[in-house]
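Close look at the chain arrangement
As a plain string of letters, each chain reads:
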Amino acid sequence: MFSLFQRSDTNSIHVSEIDDILQDINLIDIREPYECAHGSIQGSKNIPLGHLMSNPEKYLDKNKKFYIMCQSGGRSSGAVAALIKSGYNVVNVKGGMGSYNGKNRK
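First, a word on what this report is: a plain description of the structure on this page. It should be emphasised that the depicted structure is a prediction, and the values quoted were computed from it without experimental measurement. Numbering of residues begins from 1 in every chain and follows the order in which that chain's sequence is written. Local features in this predicted model are restricted to residues of pLDDT 70 or higher, and side-chain atom pairs are both shown and tallied only at a pLDDT of 80 or more, whereas totals for entire chains, interfaces and linings draw on every residue. Only hydrogens and water are removed before side-chain values are computed, so all heavy atoms of the structure are retained for them.

**Side note on the overall build of the chain**
Where we set the bar: Per the convention used, a helix needs a DSSP run of H or I reaching at least four residues, while a strand needs a run of E reaching at least two, with both numbered from the N terminus. For every residue, the accessible area (1.4 Å probe, protein chains only) is compared with the maximum for its type, and the residue is labelled buried under 20%, exposed over 50%, or partly exposed between those bounds. Residue contacts are defined here by distance: any two heavy atoms, one from each residue, within 4.5 Å place the two residues in contact. Working definition of accessibility: Shrake-Rupley area with a 1.4 Å probe, residue cover restricted to the visible protein chains. His is not counted, nor are the chain ends, whereas Lys and Arg count as positive and Asp and Glu as negative. Each charge is placed at NZ for Lys, CZ for Arg, CG for Asp and CD for Glu.
The secondary structure content of the chain amounts to five helices and five strands. Starting at the N terminus and ending at the C terminus, the chain contains elements arranged as β-α-β-α-β-α-α-β-α-β. Projected onto its principal axes, the C-alpha coordinates of the chain cover approximately 40 × 30 × 25 Å. Scored against the burial criterion, the 106 residues of the chain give a buried share of 41%. For the chain, long-range pairs separated by at least 24 residues make up 65% of all intrachain contacts whose partners lie at least 6 apart in sequence. A total accessible area of about 6400 Å² is found for the chain, and carbon and sulfur atoms account for 48% of it. A distance of 3 Å separates the average location of the 13 positive side-chain charges in the chain from that of its 10 negative side-chain charges.

**Focus on helix α5 (residues 74-85)**
Heads up, the condition is: Between the first and last residue of a helix there are one fewer steps than residues, each counted as 1.5 Å, and that sum is the expected span. The arc under discussion is defined with respect to the helix axis, by the directions toward the C-beta atoms.
For α5, spanning twelve residues, the distance from its first C-alpha to its last is 17 Å, which sits close to the expected 16 Å at 1.5 Å a residue. Among the residues of α5, S76, S77, A79, V80 and L83 are the ones counted as buried. Here the buried residues of α5 occupy an arc of 165 degrees about the axis, which is enough to place them on one side. Of the surrounding secondary structure, the elements contacted by the buried residues of α5 are α3 (49-54), α4 (56-59), β4 (65-69) and β5 (89-94). Downstream of α5 by a residue or two, G87 has a phi angle that is positive, lying close to 95 degrees.

**A closer look at the state of the cysteines**
To keep it simple, the criterion reads: Cysteine sulfur atoms are paired as a disulfide whenever they fall within 2.5 Å.
All told, the structure shown has zero disulfides when counted by the stated rule. In this structure C36 is not part of a disulfide, and its nearest cysteine sulfur, from C70, lies 10 Å away.

**Examining the pattern of salt bridges**
Heads up, the rule is: A pairing counts as a salt bridge when a side-chain nitrogen of Lys or Arg comes within 4 Å of a carboxyl oxygen of Asp or Glu.
This model, assessed by the stated rule, comprises two salt bridges. For R31, the salt bridge goes to D29, with nearest N and O atoms at 2.8 Å. Classification of D29 by relative accessible area gives buried; the value is 0%.

**Observations regarding the sheet that holds β4**
The strands making up a sheet are joined through hydrogen bonds of the backbone, oriented either antiparallel or parallel. Formally: When DSSP finds two or more bridges between a pair of strands, those strands are recorded as paired. Angular values range over 0 to 180 degrees, each being the angle between N-to-C directions of two axes fitted as lines to C-alpha atoms, with helices fitted over their stretch in contact.
Strand order in this open sheet of five strands is β1-β5-β4-β2-β3, and the pairing throughout is parallel. Only two strands of the sheet have a single partner each, and these edge strands are β1 (12-14) and β3 (45-46). Looking at chain direction, β1 and β5 are connected through three bridges and run parallel. Its bridge partner lying in β5, I13 is registered against V93. Together, β4 and β5 form the strand contacts of α5, whose direction differs from that of β5 by roughly 165 degrees.

Spelled out as structure tokens, the structure:
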């Protein structure tokens, strides 16, 4: 009954690990443009959550892996769960931009 509230960490990393792999990944920032205006991670692509979820095939290739981030990891966690159910290879970036202290801030 409570399985709905359980979260799996098998498809997630913490944002503090992102700098080590940034050159090798497809990073998508699902925050709204006004949020990204306050900073994001270099190399990330901004695709607002509503756009991504309404038409994922426009933005994602099921044959590639994508890392999904938001401000804190909540929105990205829900998006990742739904996208995995639709057959996409996605990873949640826990902590999100709000916890990012790396060297690749833009």
